[in-house]
Amino acid sequence: TPKPQSEASDVYKRQAKYGSHILDDGNIIILATDGLWDNVSPERAMKVVEEEYKNKKQDKMDLDAIANKLAKLAHNLAVDQKTVTPYSKKMAEQGAKIKGGKLGDVTVIVAEMES
């Protein structure tokens, strides 16, 4: 049965991760659901950003292209049962013998800081 809204909200508040960071012009921020981070490590996500940086046109990166590449990568890794993902690593730490990713919703927003 569904939880009353106030109870569900309390669960989400306990699971939320939050913090603050000082950002500079040009810093790239990736905001995403667990559908990305269960399948793509932060290091691999940065490789996608770095690749776009090398290919940028007119001194601007295509942030939508980065978000789309990350979402597609997450989906491809989620259905690949032979790869090691952050999800499979976490499950291995808990004693489960699982390879591959985890299918789920994937939402990715990529932004560049400007003053």
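Caption draft 1: Layout of the overall build of the protein chain. Along the protein chain, the regular secondary structure elements total 5 helices and 2 strands. Reading the protein chain from its N end, one meets helices and strands in the order α-β-α-α-α-α-β. The buried share among the 115 residues of the protein chain stands at 25%. Partitioning the intrachain contacts of the protein chain with sequence separation of at least 6 by distance along the chain shows that 65% fall at a separation of at least 24. When the accessible area of the protein chain is evaluated, it comes to approximately 8,900 Å², of which 51% is carbon and sulfur surface.

Caption draft 2: Main features of helix H4 (residues 63–79). An ideal rise of 1.5 Å per residue puts 24 Å on 17 residues; H4 measures up with 25 Å between its terminal C-alpha atoms. Within H4, burial applies to Ala65, Ile66, Ala67, Leu70, Leu73, Ala74, Leu77 and Ala78. Structurally, H4 contributes buried residues whose contacts are with strand S1 (28–32), helix H2 (34–37), helix H3 (42–54) and strand S2 (108–112). With a side-chain oxygen positioned 3.3 Å from the backbone nitrogen of Asp64, the residue opening H4 is Asp62.

Caption draft 3: Structural context of the environment of Gly101. Along the chain, Gly101 falls in the loop between helix H5 (86–93) and S2. Overall, Gly101 belongs to the buried group, its relative accessible area being 11%. Residue contacts for Gly101: discarding those within four places in its chain leaves Asn39, Leu77, Ala78, Asp80, Gln81, Thr85 and Tyr87.

Caption draft 4: Here's a closer look at the layout of surface pockets. Estimated volume of the largest pocket: approximately 820 Å³. Considering the residues around the largest pocket, the lining is formed by 24 residues, among which Lys17, Ala32, Thr33, Asp34 and Trp37 are closest to the centre. When contributions to the lining of the largest pocket are tallied by element, the ones reaching two or more residues are S1, H2 and H5. For the lining of the largest pocket, a count of residues per class yields 12 nonpolar, 7 polar and 5 charged.

Caption draft 5: Representation of the side chain of Ser88 within the structure. Summarising the element assignment, Ser88 is placed in helix H5. From its side chain, Ser88 meets the backbone nitrogen of Thr85 in a polar contact 2.8 Å long. If we skip the residues at most four places from it in the chain, Ser88 touches Thr83, Ile98, Lys99 and Gly100.

Basis of the calculations
Residues numbered from 1 in each chain as written. Predicted model: local features only at pLDDT ≥ 70, side-chain atom pairs only at ≥ 80, totals over all residues. Heavy atoms only, no water. Helix = DSSP H or I, 4+ residues; strand = E, 2+ residues; numbered from the N terminus. Buried < 20%, exposed > 50% of the residue type's maximum accessible area, 1.4 Å probe, protein only. Contact = heavy atoms within 4.5 Å. Areas by Shrake-Rupley, 256 points an atom, 1.4 Å probe, with all protein chains shown as cover. Expected span 1.5 Å × (residues − 1). Polar contact = N/O pair within 3.5 Å; in protein donor to acceptor, adjacent residues only side chain to side chain. 1 Å grid on protein atoms, 1.4 Å probe; cavity = no way out; pocket = protein on both sides within 12 Å on 5 of 7 lines; lining within 4 Å. Points joined across faces, edges and corners; volume = space filled by probe spheres on them. Nonpolar A, V, L, I, M, F, W, Y, C, P; charged D, E, K, R; others polar.

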